[in-house]
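Structural overview
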Amino acid sequence: MFQLKSAGELIVDVYVQPGAKVSQVVGCHGERLKIKISSPPVDGKANQEVLEFFAKLFNLAKRDVELLSGEKSRNKRVLIRGDAEMFMDQLKDLIG
């Protein structure tokens, strides 16, 4: 689910459910973090919202969040730049 690439980079394996009423972390889906996104999976809108969701969640600039893989899939890998340990702790708190 989480992979520390370095002290300043965290890779998160995400399962995305697009078209939800509210964008939020909802738990786990297998070995992935499950998030709901309000954007539809059309023209890359859901991908963009995934990146914006993590940027907002961790109070980061959008340039600090990058989609590594899964552009056309619900299963995505997201790279988050910053305090990786803190991000991992926050995500663990959100999923319980």
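This text follows the structure it describes.
To start, this report covers the structure provided alongside it. (Residues numbered from 1 in each chain as written. Predicted model: local features only at pLDDT ≥ 70, side-chain atom pairs only at ≥ 80, totals over all residues. Heavy atoms only, no water.)

Observations concerning the overall build of the protein
Inclusion rule: Numbering of helices and strands runs from the N terminus, with a helix taken as a DSSP run of H or I at least four residues long and a strand as a DSSP run of E at least two residues long. Restricting the calculation to C-alpha atoms gives the radius of gyration, and the globule rule supplies 2.2 Å times the number of residues raised to the power 0.38. Buried residues are those whose accessible area, probed at 1.4 Å on protein chains only, stays under 20% of the maximum for their type, while exposed residues exceed 50% and partly exposed ones sit between those limits. Contacts are assigned to residue pairs that have any heavy atoms within 4.5 Å of one another. Only the protein chains shown count as cover for residues, and all accessible areas are computed by the Shrake-Rupley method using a 1.4 Å probe. Neither His nor the chain ends contribute to the count of charged residues, in which Lys and Arg are positive and Asp and Glu negative. A single reference atom marks each charge: NZ on Lys, CZ on Arg, CG on Asp, CD on Glu.
A tally of regular secondary structure across the protein gives two helices and six strands. If you list the helices and strands of the protein from N to C, you get β-β-β-β-α-β-β-α. For the protein, the C-alpha radius of gyration of 12 Å lies close to 12 Å, the compact-globule estimate for 96 residues. Expressed as lengths along the three principal axes of its C-alpha atoms, the size of the protein is roughly 35 × 30 × 20 Å. The buried share among the 96 residues of the protein stands at 38%. Within the protein, contacts between residues separated by at least 24 positions form 44% of all contacts whose residues are at least 6 apart in sequence. Carbon and sulfur atoms make up 46% of the accessible area of the protein, which totals about 5500 Å². Charged side chains in the protein number 15 positive and 13 negative. The centres of these two groups are separated by 7 Å.

Observations regarding unusual backbone geometry
For residues other than glycine, phi is negative in most cases, and the peptide bonds are mostly trans. In this structure, Asp 43 is a non-glycine residue whose phi angle is positive, near 55°. On the secondary structure map, Asp 43 appears in the loop between β4 (32-36) and α1 (45-57). At Asn 59, a residue that is not glycine, the phi angle is positive and equals roughly 55°. By the element assignment, Asn 59 lies in the loop between α1 and β5 (65-69). Judged by its relative accessible area of 73%, Asn 59 falls in the exposed class.

Concerning the packing of aromatic side chains
Each aromatic ring pair is characterised by the separation of its centres together with the angle its planes make. Note the threshold: Note on aromatic pairs: the rings of Phe, Tyr and Trp (six-membered ring only in Trp) are paired at centre separations within 6.5 Å, and the planes decide the class, stacked below 30 degrees, edge-to-face beyond 60, tilted for the rest.
Counted under the stated rule, the structure contains three aromatic pairs. With a centroid separation of 4.4 Å and an interplanar angle of 35°, the aromatic rings of Phe 58 and Phe 87 are classed as tilted. Of this pair, Phe 58 sits in the loop between α1 and β5 while Phe 87 sits in helix α2 (residues 84-95), and the two are 29 residues apart along the sequence. As far as burial versus exposure is concerned, Phe 58 and Phe 87 are alike and both buried. Here a set of aromatic residues connected by ring pairs shows up, and it is made of Phe 53, Phe 54, Phe 58 and Phe 87.

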